[in-house]
Amino acid sequence: MPFGDTSPRVALTDLDELWFQVSGTLCNLECTHCFISCSPKNDAFGYLSLETVERRLEESRSLGVKEYYFTGGEPFLNREMVPILEKTLEYGPATVLTNGTVLKPEWLERLRAAEEASTYCLEFRVSIDGPTPEINDPIRGERTFERAMKGVALLVEYGFLPIITMTRTWDERDDGEILGDFRNVLAEHGYTRARLKVLPRLKIGAEAQRTCGYEPYERVTPEMMEDYDSSQLICSHSRIVTDRGVHVCPILIDSPDSLMGATLEESLTPYPLRHGACYTCYLYGAICTNPSAGARE
Amino acid sequence: MTLAFFGGVYNNYLALEAAILDARRRGAERMFCLGDLGAFGPHPDRVFPLLIDNGVECIQGNYDNSIGKDLNDCQCGYTDPRDNYFAQISYEYTYESTSEPNRRWMRDLPGELRFEIDGVRFLLCHGSPRKTNEFLWESTTSTQFLEKLAREYDADVILGTHTGIHWVRQWRAESGELNDGSAGGQGVFVNVGVLGRPENDGRTNVWYTLLRLGGGSEFGSRNGEVGVSRVEVEFVPLEYDHNRLAREMAEVGLPEEFIETIQTGWWTTCLEILPGKERRKGRF
């Protein structure tokens, strides 16, 4: 920690969720709000192999990990994604965060069979940033609304109930209307019991260019931690595996200080909340986990 | 020995009455309720005499904690605005319809209950041993997580409720030895279900749990071979007068959505908290 750094340090209470940056920063899309600037050419972080994932899954057993999450980039660019998810379902519940534009029927057929054979749930979270192409496409790219909707329809066809995840690029007071519009448009695409999750914007990576970054005052201070339940913070119950090692949380992998060690065991030390994104996590809480985990308060 | 475990009652005093009779008939020597006495149904005060007069040993759920401490909401842990909207209707009705002595009684309930029978260490909680309103769903709870809870909370059998859907998991560590060097490495987690509303399967019955322990059980033994097979878990589907409950819910002005669940067996609210696998089994 730099001399004079007074950032509050958060202990890892339980490693409940283990994340995998399974396609690194590689993505077929180049969203203008991406907090780690993923793109087809950004190979700052690379793919994780099935072998690497399996090693960490095995290590996670003795730590009592409750759920596994997979993100990128676009996870399904990783050619081993289907076997990775099949393997994970032997260890626990799996959630994959996808943009829904590259899914193939043969993959979903295998994954549905794997979920049926498992005790555990396989959740898909599909990122769509608005209920219309007019809202979504300027952020995620031309025709991405239409392509993602096809992905949703395919998931529904294979019996999944994807969680549609949207980053709030509108006024928070408009949430009700936007969610209502989303339910209607999803129903028109055959998804009649849509599950929806709204995420706050994280003003780092590409998003810092699109709008603005964090102001210096947007930091968590020691005073703010008084009477605050730190279980709201991802770093108190999660870690993420990348091709460089184990980092503190899925949001901060671009920050060099987020790398905690080479193994899960080495990553269990406390982490100082010195980033602007920590402030967003502090304000909104539990932003990365699924609704079924319940509210942390 | 036979033990009976009731999950959330949610004001469903008719189901509670039927469960007590049924459990006695099946030989239950002790009866337990794992909390959330209020919510959803009518006439909260009718639940308490049944529990007290029949010696049902109770722990405090998040609902009971909220009502006992005069909080503004039920601490159910929902994340969706519609789920929270209906939860609030139910909470306000229950709070206003629960007498002061019964509120105080709930406030003083213990958060957990522990006992040991034939060397088997039982831990009764509401959601999980570490958090009253933690949702432990079958499809989103890994076995190694349950093993960790059992290890950290010194229990062989953990029983909880809170989610509204029953399930059981037994485990036996491959090594038979835990990290801290103690023997064991095996155990059982049981979600005992709830009496308050049906399980989102299109059937109107509710569920409770019977647990039988064989005589001379070696379960939980500190030495040598141990086996969970001596602990037998039975989930009991329970019929009760759900039509009367629905009628009384309508009479006190509870939402049509709640009444529909009682009459059809399908959940119409609190759906967003379900994992995909559990949600898929329902209609909505």
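## Re the sheet that holds strand S5 (residues 122-127) of chain A
Hydrogen bonds along the backbone pair up the strands of a sheet, which may run parallel or antiparallel. Residues and elements named next belong to chain A. As summarised here, the arrangement of the nine strands in space is S7-S6-S5-S4-S3-S2-S8-S9-S10, forming an open sheet in which the pairing is mixed. The open sheet is flanked by strand S7 (195-199) and strand S10 (259-261), the only strands paired with a single partner. Each neighbouring strand pair of the sheet contributes to a mean axis angle of 30°, computed without reference to strand direction. Sheet topology note: the strand S2 (residues 17-21)/strand S8 (residues 238-242) ladder contains four bridges and is parallel. Looking at the pairing, Glu 17 lines up with Ser 238 of S8. Strands in contact with helix H6 (residues 175-188) are strand S6 (163-167) and S7; relative to S7, the strand with the most contacts, it is inclined by about 145°.

## Looking at empty space enclosed by the protein
Where empty space is left in the structure can be found by rolling a water-sized probe over the atoms. Going through the model one piece at a time under the given rule, you end up with five cavities of 30 Å³ or more. In this model, the largest cavity occupies a volume close to 620 Å³. Around the largest cavity sit 33 residues that line it, and Phe 35, Thr 71, Leu 97, Ser 127 and Leu 199 of chain A are the ones nearest its centre. When residues of the lining of the largest cavity are traced back to their parent elements, those giving at least two are S2, strand S4 (94-98), S5 and S6 of chain A. In terms of residues, the lining of the largest cavity owes the most to one element, S6 of chain A, which gives three residues. Split by residue class, the lining of the largest cavity holds 17 nonpolar, 10 polar and six charged. Taken as a whole, the second largest cavity spans an internal volume of roughly 240 Å³. Residue lining of the second largest cavity: 20 residues in total, with Tyr 10, Ala 39, Cys 76, Tyr 78 and Cys 270 of chain B positioned closest to the centre. Class assignment for the residues of the lining of the second largest cavity results in 14 nonpolar, four polar and two charged.

## A few points about the environment of Thr 221 of chain A
For Thr 221 of chain A, the position within the fold is in the loop between helix H7 (206-210) and S8. Residue classification places Thr 221 of chain A among the partly exposed positions, given a relative accessible area of 29%.

## Description of the layout of surface pockets
Residue and element names in this part refer to chain A. By volume, the largest pocket amounts to about 640 Å³. The element contributing the most residues to the lining of the largest pocket is S7, with five residues. Its residues assigned to classes, the lining of the largest pocket comprises 11 nonpolar, six polar and nine charged.

## Thoughts on helix H5 (residues 144-157) of chain A
All names here are of chain A. Along its 14 residues, H5 runs 20 Å from first to last C-alpha, staying within 8% of the 20 Å computed at 1.5 Å per residue. Here H5 has its buried residues at Thr 144, Phe 145, Ala 148, Met 149, Gly 151, Val 152, Leu 154 and Leu 155. In this structure, the buried residues of H5 make contact with helix H3 (105-117), S5, helix H4 (133-140), S6 and H6. Gly 159 sits one or two positions beyond H5 and adopts a positive phi of about 90°.

## Things to note about the nonpolar core
Judged by nonpolar contacts, the single largest core of 57 residues is most densely connected at Phe 6, Leu 16, Leu 37, Leu 195 and Tyr 208 of chain B. It is helix H1 (residues 13-25) of chain B that provides the largest number of residues to this core, a total of seven residues. Counting residues in hydrophobic clusters, the runner-up holds 55 residues, among them Val 22, Tyr 68, Val 152 and Leu 179 of chain A.

## Notes on the interface of chain A and chain B
Counting from both sides, the interface comprises 38 residues of chain A and, opposite them, 36 residues of chain B. Taking both partners together, chain A and chain B bury about 2700 Å²; carbon and sulfur atoms supply 41% of that area. It is Lys 66, Arg 193 and Ser 292 of chain A in chain A that bury the most area against chain B; as a group they hold 23% of the surface buried on that side. Counting across the chain A and chain B interface gives six salt bridges. A salt bridge links Arg 130 of chain B to Asp 16 of chain A; the nearest nitrogen and oxygen atoms lie 2.6 Å apart.

## Some points on unusual backbone geometry
Residues and elements named next belong to chain A. Omega for the peptide link from Gly 72 to Gly 73 comes to 20°, which places this bond in the cis form. Here Gly 73 shows up in the loop between strand S3 (67-71) and helix H2 (81-88). Of note in this structure, Arg 143 is not a glycine but carries a positive phi near 65°. In this structure, Arg 143 sits in the loop between H4 and H5. At Asp 227, a position not held by glycine, the phi torsion is positive, near 60°. Structurally, Asp 227 is set in the loop between H7 and S8.

## Thoughts on the packing of aromatic side chains
Summed over all chains, the structure comprises 19 aromatic pairs over all chains. Centroid distance Phe 76 of chain A to Phe 124 of chain A: 6.2 Å. Interplanar angle 15°. Geometry classified as stacked. Separated by 48 residues along the polypeptide, Phe 76 of chain A in the loop between S3 and H2 and Phe 124 of chain A in strand S5 bring together distant segments of the chain. Relative accessible area serves as the criterion here: at 4%, Phe 76 of chain A is assigned to the buried category. For Phe 124 of chain A, a relative accessible area of 1% corresponds to the buried category. Members of the aromatic cluster, joined through ring pairs, are Phe 76, Trp 107, Phe 124 and Phe 160 of chain A. Between Lys 66 of chain A and the ring centre of Phe 145 of chain B, over which it is positioned, the NZ or CZ distance is 5.1 Å. Residue placement shows Arg 197 of chain B over the ring face of Phe 40 of chain B; its charged tip is 5.5 Å from the ring centre.

## Structural notes on H4 of chain A
Residues and elements named next belong to chain A. Residues of H4 that are buried include every one of Asn 136, Asp 137, Ile 139 and Arg 140, and no others. The arc that holds the buried residues of H4, viewed along the axis, is 165°, so those residues lie on one side. Looking at H4, the residues exposed on the side facing more than 90 degrees away from the buried face are Glu 134 and Pro 138. Here the buried face of H4 lies against S5 and H5. Positioned one or two residues after H4, Gly 141 has a phi angle of 120°, which is positive.

Parameters and conventions
- Numbering of residues starts from 1 in every chain and runs along the sequence as written.
- All chains are assigned letters beginning with A, and all ligands numbers beginning with 1, in the order in which they are written.
- Under the rules for a predicted model, residues below a pLDDT of 70 receive no local features and side-chain atom pairs below 80 are neither given nor counted, while totals for whole chains, interfaces and linings still include all residues.
- With hydrogens and water excluded, all non-hydrogen atoms of the structure serve as input to the side-chain values.
- For two strands to count as paired, DSSP must find a minimum of two bridges between them.
- Secondary structure follows DSSP: runs of H or I at least 4 residues long count as helices, runs of E at least 2 residues long count as strands, and numbering of each begins at the N terminus.
- The angle between two axes is taken between their N-to-C directions and runs from 0 to 180 degrees, where each axis is a line fitted to C-alpha atoms and a helix contributes only its stretch in contact.
- We call two residues contacting when some pair of their heavy atoms lies within 4.5 Å.
- Cavity means a closed set of points on a 1 Å grid over the protein atoms alone, one where a 1.4 Å probe fits but cannot get out, pocket means an open set with protein on both sides within 12 Å along at least 5 of 7 lines, and lining means a residue has an atom within 4 Å of a point.
- Grid points are joined across faces, edges and corners, and a volume is the space filled by probe spheres set on the points.
- Amino acids outside the nonpolar list (Ala, Val, Leu, Ile, Met, Phe, Trp, Tyr, Cys, Pro) and the charged list (Asp, Glu, Lys, Arg) are all regarded as polar, and Gly is one of them.
- Burial status follows relative accessibility: with a 1.4 Å probe on protein chains alone, a residue under 20% of its type maximum counts as buried, one over 50% as exposed, and anything between as partly exposed.
- For a helix, the expected span equals 1.5 Å multiplied by the number of residues minus one.
- In these notes, a set of buried Ala, Val, Leu, Ile, Met, Phe, Trp, Tyr and Cys residues joined through side-chain atoms within 4.5 Å is what counts as a nonpolar core.
- As a working definition, buried area equals the accessible area (1.4 Å probe) given up by two parts on being put together, with both sides summed.
- We define a salt bridge as a contact between a side-chain nitrogen of Lys or Arg and a carboxyl oxygen of Asp or Glu at a distance within 4 Å.
- Each pair of aromatic rings taken from Phe, Tyr and Trp, with Trp reduced to its six-membered ring, is defined by centres within 6.5 Å and is described as stacked if the planes are under 30 degrees apart, edge-to-face if over 60, and tilted in the remaining cases.
- We call a charge positioned above a ring when the Lys NZ or Arg CZ atom is no farther than 6 Å from the ring centre and deviates by at most 35 degrees from the ring normal.
- Taken from the helix axis, the directions to the C-beta atoms give the arc we talk about.

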